[in-house]
Amino acid sequence: MTRLNSLTPWLAAVALVLCAQGAAQAEERFTLSIPGVSDDRLFTAAAASDANTCGGKNISPALSWNAGPPGTLSYAIVMLDPDGQRGQGVDHWIHYGIKASTRQIPAGAGTKSSLEGMSGINSKNTHGYIGPCPPIGDSAHHYLIQLFALDLPPEALPADLTRAQLMEKIKGHVLRNSSVVRRYHR
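Anyway, here's the lowdown on the structure attached to this text. (Residues numbered from 1 in each chain as written. Predicted model: local features only at pLDDT ≥ 70, side-chain atom pairs only at ≥ 80, totals over all residues. Heavy atoms only, no water.)

### Re the overall build of the chain
Move 1: Looking only at helices and strands, one finds 3 helices and 9 strands in the chain.
Move 2: Ordering the α and β elements of the chain from the N terminus gives α-β-β-β-β-α-β-β-β-β-α-β.
Move 3: Of all 186 residues assigned to the chain, the portion counted as buried reaches 38%.
Move 4: Taking contacts inside the chain between residues at least 6 apart in sequence as the whole, the part at least 24 apart equals 74%.
Move 5: For the chain, the accessible surface area stands at approximately 10500 Å², while carbon and sulfur atoms represent 56% of it. (Helix = DSSP H or I, 4+ residues; strand = E, 2+ residues; numbered from the N terminus. Buried < 20%, exposed > 50% of the residue type's maximum accessible area, 1.4 Å probe, protein only. Contact = heavy atoms within 4.5 Å. Areas by Shrake-Rupley, 256 points an atom, 1.4 Å probe, with all protein chains shown as cover.)

Shown next as structure tokens:
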């Protein structure tokens, strides 16, 4: 009984440390979402490209997220269709240099030059968001939207980066990332 009494303060201290670590880990969760829509849903036609017969209005989705981890100085967004170009992938949106205080981007902002930060170069060799336009008859393509919390100041990266160039430049600077997946077919 004496030995158990002498261990009790140590066990209590260990339990307290474990509880504190669990709470800290819960606070560190970094989550990206499209407001009002759960993950892996279909994009609406409004988000689809307005080019040719794609049938959309090229409206980028609204995005929201909670604060990045301590040390976050900026954010970067990448939207990729890994099913596009017969599995070679299509880059639909590259945007970076978003201030650490920002927590949301409204719908349609991806095509506006007023969106804070810098727009990278997508697979169409243009700036800004290009909506989904998979071939008619293909199964639904998956659109991975990623948000990176970076330890780089908003002005640290040069303009006009492709997705591959952005990924190379942020290597070693990603504090956390989060993603959502949408699907689309015609």
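More follows now that the structure is in view.
### Quick look at the sheet that holds strand β8 (residues 141-150)
Move 1: What the 6 strands build is an open sheet, ordered β2-β9-β8-β4-β5-β7; its pairing is mixed. Single-partner strands in this sheet number two, and they are β2 (41-42) and β7 (118-119).
Move 2: Where strand β5 (residues 90-99) and β7 come together, 2 bridges link them in antiparallel fashion. From the neighbouring strand, Y96 faces β7, where its bridge partner is M118. (Pairing = 2+ DSSP bridges.)

### With respect to the side chain of S49
Move 1: Assignment of secondary structure puts S49 in the loop between β2 and β3 (63-65).
Move 2: Here A51 takes part through its backbone nitrogen, which lies 3.1 Å from a polar atom of the side chain of S49.
Move 3: When neighbours within four sequence positions are excluded, S49 is seen to be in contact with C54, G55, G56, K57, N58, G131, P132 and C133. (Polar contact = N/O pair within 3.5 Å; in protein donor to acceptor, adjacent residues only side chain to side chain.)

### Brief notes about the side chain of T72
Move 1: Mapped onto the fold, T72 is located in the loop between β3 and β4 (74-81).
Move 2: Looking at T72, the relative accessible area reads 12%, which means it is buried.
Move 3: A polar atom in the side chain of T72 sits 2.6 Å from the backbone oxygen of P69.
Move 4: Leave out the neighbours within four places in its chain, and T72 touches A100, A149, L150 and L175.

### Overview of the sheet that holds strand β6 (residues 104-105)
Move 1: The antiparallel open sheet is built from 3 strands, whose spatial order is β1-β3-β6. Here the strands that pair on one side only, and so sit at the sheet edges, are β1 (32-33) and β6.
Move 2: Sheet topology places β3 next to β6; 2 bridges connect them, and they run antiparallel. Of the residues in β6, the one forming a bridge with S64 is Q104.

### A word on the environment of H95
Move 1: With respect to the secondary-structure elements, H95 resides in strand β5.
Move 2: Under the relative-accessibility criterion, H95 is labelled buried at 4%.
Move 3: Taking the C-alpha atoms as reference points, H95 and G128, 33 residues apart in sequence, are found 7.5 Å from one another.
Move 4: Here the side chain of H95 touches M118 through a polar contact of 3.4 Å, landing on its backbone oxygen.

Just distances and angles here, no functional claims.
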